Amino acid sequence: MTSNKDLIEKIMQLKKEKKAVILVHNYITSDIYDIADYIGDSLDLSRKSANTDADIIVFCGVDFMAECAKILSPGKTVLHPKRESTCPMAAMAEADDLRKKKSEHPNASVVCYVNTSASVKAESDICCTSANAIEIVNSVKEKEVLFVPDRNLCAYAQSKTDKKLIPWDGYCYVHDVISIEDIKKAKESHPDAHVMVHPECSPDVISMADAVCSTGQMLDYAKKSSATEFIVATEEGMCARLKREFPGKKFYPVGGICTQMKEIRLYDVYMALKMNQFEITLDEPVRKRAKKALDRMLELR
Ligand code: 13P
Ligand code: SF4
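Residues numbered from 1 in each chain as written. Chains lettered and ligands numbered in written order. Predicted model: local features only at pLDDT ≥ 70, side-chain atom pairs only at ≥ 80, totals over all residues. Heavy atoms only, no water.

*Asks:* Got a minute to help me understand the packing of helix H4 (residues 63-72) against helix H15 (residues 284-300) in this structure?
*Replies:* The geometry of H4 relative to H15 is characterised by a closest axis approach of 9 Å and an angle of 95 degrees between their N-to-C directions. Between H4 and H15, the angle falls in the class roughly perpendicular. Contact with H4, carried on its side by Cys68, Lys70, Ile71 and Leu72, involves Arg287, Ala290, Lys291, Leu294, Asp295 and Leu298 of H15 and no other residues of that element. (Axes fitted to C-alpha atoms, helices over the stretch in contact; angles between N-to-C directions. Helix = DSSP H or I, 4+ residues; strand = E, 2+ residues; numbered from the N terminus. Parallel < 35°, antiparallel > 145°, perpendicular 65-115°, else oblique. Contact = heavy atoms within 4.5 Å.)

Given below as structure tokens:
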């Protein structure tokens, strides 16, 4: 059995030989942080994949994130180390269903959350992430916006805009089950803690937040805040990331595990680099249309 230390050495060697970059989402298991060139939220990682000069991008995140890298950097080899690492919320919207819904709302602009397949992005006017959903919704000229697929992020954006948002019935199983009672209990145990909530949580839970943040914004909030304790309502791996950056502060998770994010292990990253697996490929016309939606977002913010 190869130790983590051996694996890390081998990965670093292969990374150099193959001119690869390793991009890692905040929720990925913390041992993978040690081999990352960059760790971030969906928006940060999209920007990094658009701008890297590496030949190979190894994407440690769920499927749609690796797809985004390929959409933005078609000339590069994009490797997704584990096929099973897929986002169930992204699978709740399919291109055929979106086309049907678009025909029911011909005057609406289509904003898709980044947690969507390339084919759903290809049907959308502009993409957004949890870090910029409000700005993106407000940026479109149409008064009506079809927002796909997260109903909770849609409700949050609706509370901050005059546009009429038409929700899709998708949700994240990790965030949607977090309850007001979970937050109340955590507040009883940690009365001085600030409450950071991811906008994939339900409106009830969001109403209890001191700050509503993407995972990247949670890092900024924890850095700038004078508070030293934080209740963190999102996937529990985020607390490992926060503790790593701010060892002097305390973080209390309120939220379960995204099992799909935890699929990717160090060994899978090693095999991905060694065997060039599993390469993301996309239908070119779909990729080009999906890129327009992502480019529009990246031009704005
Ligand atoms: P972030 O963009 O905030 O990292 O969110 C991605 C995600 O999948 C949250 O569940
Ligand atoms: Fe998808 Fe939820 Fe997992 Fe994020 S936490 S990748 S939205 S299932």
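*Asks:* Honestly, the packing of helix H3 (residues 42-51) against H4 in this entry has me stumped. Any pointers?
*Replies:* Two numbers describe a pair of packed helices, the interaxial angle and the distance between the axes. Across the interface, H3 lies against H4 with an axial gap of 8 Å and an inter-helix angle of 35 degrees. Of the two elements, H3 crosses H4, and the hand of that crossing is right-handed. Listed contacts from H4 to Ser42, Ser46, Ser49 and Ala50 of H3 are Met65, Ala69 and Leu72. For the contact of H3 with H4, the residue count by class is four nonpolar, three polar and no charged. (Left-handed = near helix turned anticlockwise from the far one by under 90°. Nonpolar A, V, L, I, M, F, W, Y, C, P; charged D, E, K, R; others polar.)

*Asks:* Quick question: what am I supposed to make of the pattern of salt bridges here?
*Replies:* Any two side chains of opposite charge can pair if their charged atoms end up close together. One pass over the full model with this rule turns up 18 salt bridges. Two residues, arginine 99 and glutamate 123, come together in a salt bridge whose shortest N-O distance is 2.7 Å. Remark: glutamate 123 occurs in the loop between helix H6 (118-122) and strand E6 (126-128) and arginine 99 occurs in helix H5 (residues 95-104); sequence separation between them is 24 residues. When salt bridges with common partners are traced through the structure, they connect Asp96, Arg99, Lys102, Glu123 and Arg289 into a single cluster. (Salt bridge = Lys/Arg side-chain N within 4 Å of Asp/Glu carboxyl O.)

*Asks:* What's the story with the site of ligand 1 in this structure? I'm lost.
*Replies:* Lining the immediate environment of ligand 1, one finds His25, Tyr27, Asp41, Ser42, Asn115, Ser130, His175, His198, Glu200, Ser214 and Thr215. In this structure, an oxygen atom belonging to ligand 1 sits 2.8 Å away from a side-chain N or O atom of serine 42. Glutamate 200 places a side-chain nitrogen or oxygen 2.9 Å from an oxygen atom of ligand 1. Of the residues contributing to the shell around ligand 1, the split by class is one nonpolar, eight polar and two charged. (Near = heavy atom within 4 Å. Polar contact = N/O pair within 3.5 Å; in protein donor to acceptor, adjacent residues only side chain to side chain.)

*Asks:* So what exactly am I meant to see when it comes to the site of ligand 2 here?
*Replies:* With respect to spatial proximity, the complete set of residues near ligand 2 consists of Tyr27, Val62, Cys87, Pro88, Met89, Asn115, Cys172, Tyr173, Glu200, Cys258 and Met261. The class makeup of the residues in the shell around ligand 2 is nine nonpolar, one polar and one charged.

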